[in-house]
Amino acid sequence: MWMSGILLLLWVLQASGELQQETEPRRLPPPEKLDFGYVPAGVYETLAHYEPGPIGILFHLVHGFLYVVQPNAFPEDLIVRLAKDKFGAIQTEYQKPENIVLTLQAIYYEIGFLVCAAVGLLFAVLMPLAGLFFCMCRCCDNCGGEMHQRQRKNADCRRGLLGTLLFSTSLVITIGVLCAYAANQNLSSQVKNIRRLVNSNMRDLHTFANDTPMQIDYLISQYATAKNKVIYDLDNIGPLLGGRIHDQLDKEVNPALDRVLSMAGAMRETKEALENVGVGLEVLKEGTGKLNFNLSLVRTSINRTLNDPGCHDEESDATSAQLCRNIRQSLSQLQISANYTRLPKVNTQLEKVNDVMNTDLSAIVQRGYASLNDTPHMVIEQTRSVVENVQGLVDGIGNNISSFSKIFPVQSCLSNFTIFINHAQAKIEDQYPEIDQMDFYRWIGCIALCCMVVLVLAFNYLGLLCGTLGYDKHASPTTRGCISNTGGTMLMAGVGFSFLFSWVLMGVVTLFFLAGGNMEKLFCEPFHTKEVFKVVDTDYLVNPEWKNFIPGYIYNDSDLELTAESLYSTCKENRGIYSAMRLDKVFNISTFLNTTLFTKEVVGQLDGVKIDLRGIILLESEGKQNLLDFSEVGLSEINYADYLEEVNKGVTVVDLLSFARELEAQADLMPRSGLQTALKGHIGTLRQIHRQQIIPMEQAMKYVRARSALNQSMRFLERTASDLPNKVLAVIEAIEAAQYLISQNATQIINQETGKYTATIVGYFHQYIEWVKTSLVMEVAPCKPFSNMVDTVEIITCSFLVDSMNTFWMGLGCSTLFLLPSIILAVKLAKYYRRMDTEDVYDDIETIPMKTMEIGNNGYHSESSQGIPNPLMTSIPTYDSMNRFPRASAPPRHIDW
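(A) Fine view of the overall build of the chain. The helix and strand tally for the chain stands at 34 helices and 2 strands. The proportion of buried residues among the 897 residues of the chain is 45%. Summing over all exposed atoms, the chain offers an accessible surface of approximately 45600 Å²; the carbon and sulfur share of this is 58%.

What follows is the structure, given as structure tokens:
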């Protein structure tokens, strides 16, 4: 039944073939990971785990006892050899050496069980014989059958000891029978759980059958995720592919355009610098012109003053004459230092720059930028037909996938599988009444066995109770009370029932021990350690032509690595039936999807993309001519050294204040005269010029800015003019190289980026394929119900049946074994409880008066009162009653008694 279900399940899952690993030379990791969500999965309700509860302690005790009895390792090789020979060779040709070795190995493995079984069989055979001989012995007044008890001084101590030992033994027997009863009840209660476990497994199989088509439909529907992403990227091929091409070209083109744009900025700055030079030169010329005129007037006036006769009369005033000569010699310093009037104007260069600036080079460069940035739009226009073709392929494969459920009758197959499950469940349901009836009979039988022991215990406990309660320390053995006598009788009844039942109990215990112990050691323990799977998975075990049984039986391919252990372990992890049954070697879903062919078509379409970027114009001819005109404006003709020299000079050759102080010092050396007065007047004029003209020229922003602007502008112009033609040619060559790259050598970049874009598109399909593959392995049709079925069989067999049965025989066997000391102790203790027929009498004439031997005085019977001659009475001098009368004789029997 189980194998038929597996075969039908395989037919159901034909569509779930292995997605073969496809080799894509262009495959690159996609830029982003697609989210396909989670495959919808039902919840399996079976919890294939059993916790025995408190009775588990007894189970562990049984396991420990079995380990002591059978400590050998699991005989895997022995079982494999026996299974391969199918036990036939050993039975028919047992005299062969190899078969004798196998037999000896089996005996060695089972030696513990065989010894225990031999002890149990010996017990079962000897106990009835021992009971028979014991009964015959007691009938002959032996073995404690004589109703006479010799009086001893330690009688009370012996009676108490025997009672205590019998009570302790009965307690042990009680514990054993309670364990057996608990195991029996546990098995009955667990049998009721079998229906719950089976129904739970069946519901899980229904969940498996109902969820599988839904999961397959979900896998099919999630193709839309990959498809939508592909269509999105195709619709945005401009920003994606064109943007990548633009980014690659921009690395080479943008620096060239930036250099042209920088040159346009240099043009503007050159114009501004020339304008600043012209304005600053005029401002400085105006300021220095007035100063030069005033200094000339002062110099002329001083010369006229020095023509005074007092300066020429060396004989009368040699000092004044010398001072006049010194003053006349220093007048050459009284003039401006920076002569801006000698500097040429830059109007010619400015006019040429203005002519160059009439062409807006920046706008031309911006058009170049715009043309380059238009690459995505050019890609959109030039790939429109390719995009439409690829979208058609994507839609086509989507239609093929959507027809998947129509091509394969998944629903009808699963319906048949569901019918099979229902039929199997119905058959199992029909067996429940028989199982309940068999369990009832089993329960009755076990209860009957327990009742045998309970009956013995009842007699033991009642005997102890009556014997203890009816004990009278003043009563002699022949005068013991009825209660005490009843206790002894019950103990002997218990002894009788012990002989009657013990051999039956031990026989049953031996049978249960052999069956349950071997099931525990040969199946349950190896199942937990998975050693039993190694036996099942042994090569060529079932069929000499099949290396592996399962794939050989199902797929007719015994070389396929599919073992019972791998199947169970995979299903135990709740992975898909696809990976558990190795359907990848039988069914290939990629063949149905034609994934390789489809990918090749997509790659072929995208490889056929032809993108022409020759329409991109980075710099128009007008812009190039503008650059050449700029290199010819004549900046190199300007004498920058003269400009910088004049700018760096001071306002006057000599400091007017210093000159005025020196002149004043020389005038003070002269005698008071008109000459001195005239020189004093010129000194005041110089100070006035310094105050009104020099200081403003040095501190007024107008002149400061003019000099600074002139200085900076000339330095900038000097840098700009330095090798300007070569710079312009370098810029033009760079822009022409970038243009050549776009027009002639962009094919490599286009092919490279197109390949990456293609890999991205194909990567979405590979993501979908890998997700389907992973989902089939891990999530689709998880086969946990099948491992749960195996676990359920193990739970029912081992945890419910074997453990309970082993605990039952352990408890019952323990009770049966302790029946032996119970028999011995009960027989001995009954002597102290039962009323005896005769007793020992030891009379001392000197110490015991004759009247004490009468019946009723001290409880001792007098033989003379019974009509029997009393030797003691007839021979008083003789006191050796122990030698003459070792024991009292029984009274004669009369009919009227």
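(B) Main features of the state of the cysteines. All chains considered together, the criterion is met by 2 disulfides. The disulfide partner of Cys524 is Cys798, and the S-S distance across this bridge is 2.0 Å. Its torsion about the S-S bond being -95°, the disulfide of Cys524 and Cys798 is classed as left-handed. In this pair, Cys524 is assigned in helix α17 (residues 482-528) and Cys798 in helix α31 (residues 784-817), connecting sequence segments 274 residues apart.

(C) Expanded view of the pattern of salt bridges. According to the stated counting rule, one finds 11 salt bridges in the structure shown. Residues Asp395 and Lys227 are paired through a salt bridge, measuring 3.2 Å at the closest nitrogen-oxygen approach. Of this pair, Asp395 sits in helix α14 (residues 384-402) while Lys227 sits in helix α8 (residues 223-235), and the two are 168 residues apart along the sequence. A residue is classified by how much of its surface remains accessible, and Asp395, at 32% relative accessible area, is partly exposed. With a relative accessible area of 21%, Lys227 lands in the partly exposed category. Residue Arg442 pairs with Asp439 through a salt bridge whose shortest N-O separation is 2.9 Å.

(D) Geometry of the packing of helix α7 (residues 155-221) against α31. Two elements in contact, α7 and α31, have axes whose closest approach is 8 Å; the angle formed by their N-to-C orientations is 170°. When the axes of α7 and α31 are compared, the pair comes out roughly antiparallel. A breakdown of the residues in the contact of α7 with α31 according to their chemical character gives 21 nonpolar, 12 polar and 1 charged.

(E) View of the packing of α7 against helix α32 (residues 819-833). Running from N to C, α7 and α32 cross one another at 145°; their axes reach a closest spacing of 9 Å. For the element pair α7 and α32, the recorded crossing hand is left-handed. Along its contact with α7, which presents Ala155, Arg158, Arg159, Leu162, Gly163, Leu165, Leu166, Thr169 and Ile173, the element α32 presents Leu819, Pro821, Ser822, Leu825, Ala826, Lys828, Leu829, Tyr832 and Tyr833. Across the contact of α7 with α32, the residue classes tally to 12 nonpolar, 3 polar and 3 charged.

(F) Spatial organisation of a nonpolar patch on the surface. Side chains of Ile100, Leu104, Ile107, Ile111, Leu114, Val115 and Val119 sit close together on the surface and give an oily, nonpolar patch of about 590 Å² of accessible area. Mapping Ile107 onto the fold places it in helix α5 (residues 97-109). Using a relative accessible area of 40% as the deciding quantity, one classes Ile107 as partly exposed.

(G) Structural view of the environment of Met810. Turning to its location among the elements, Met810 is positioned in helix α31. Along the chain, Met810 and Ala183 lie 627 residues apart, while their C-alpha atoms are 9.8 Å from each other. What Met810 contacts, discounting residues up to four positions off in sequence, is Leu58, Leu61 and Val62.

Reading guide: rules and limits
Residues numbered from 1 in each chain as written. Predicted model: local features only at pLDDT ≥ 70, side-chain atom pairs only at ≥ 80, totals over all residues. Heavy atoms only, no water. Helix = DSSP H or I, 4+ residues; strand = E, 2+ residues; numbered from the N terminus. Buried < 20%, exposed > 50% of the residue type's maximum accessible area, 1.4 Å probe, protein only. Areas by Shrake-Rupley, 256 points an atom, 1.4 Å probe, with all protein chains shown as cover. Disulfide = S-S within 2.5 Å. Salt bridge = Lys/Arg side-chain N within 4 Å of Asp/Glu carboxyl O. Axes fitted to C-alpha atoms, helices over the stretch in contact; angles between N-to-C directions. Parallel < 35°, antiparallel > 145°, perpendicular 65-115°, else oblique. Nonpolar A, V, L, I, M, F, W, Y, C, P; charged D, E, K, R; others polar. Left-handed = near helix turned anticlockwise from the far one by under 90°. Contact = heavy atoms within 4.5 Å. Patch = residues over 30% accessible without salt bridge, like charges linked within 9 Å, V, L, I, M, F, W, Y side chains within 5 Å.

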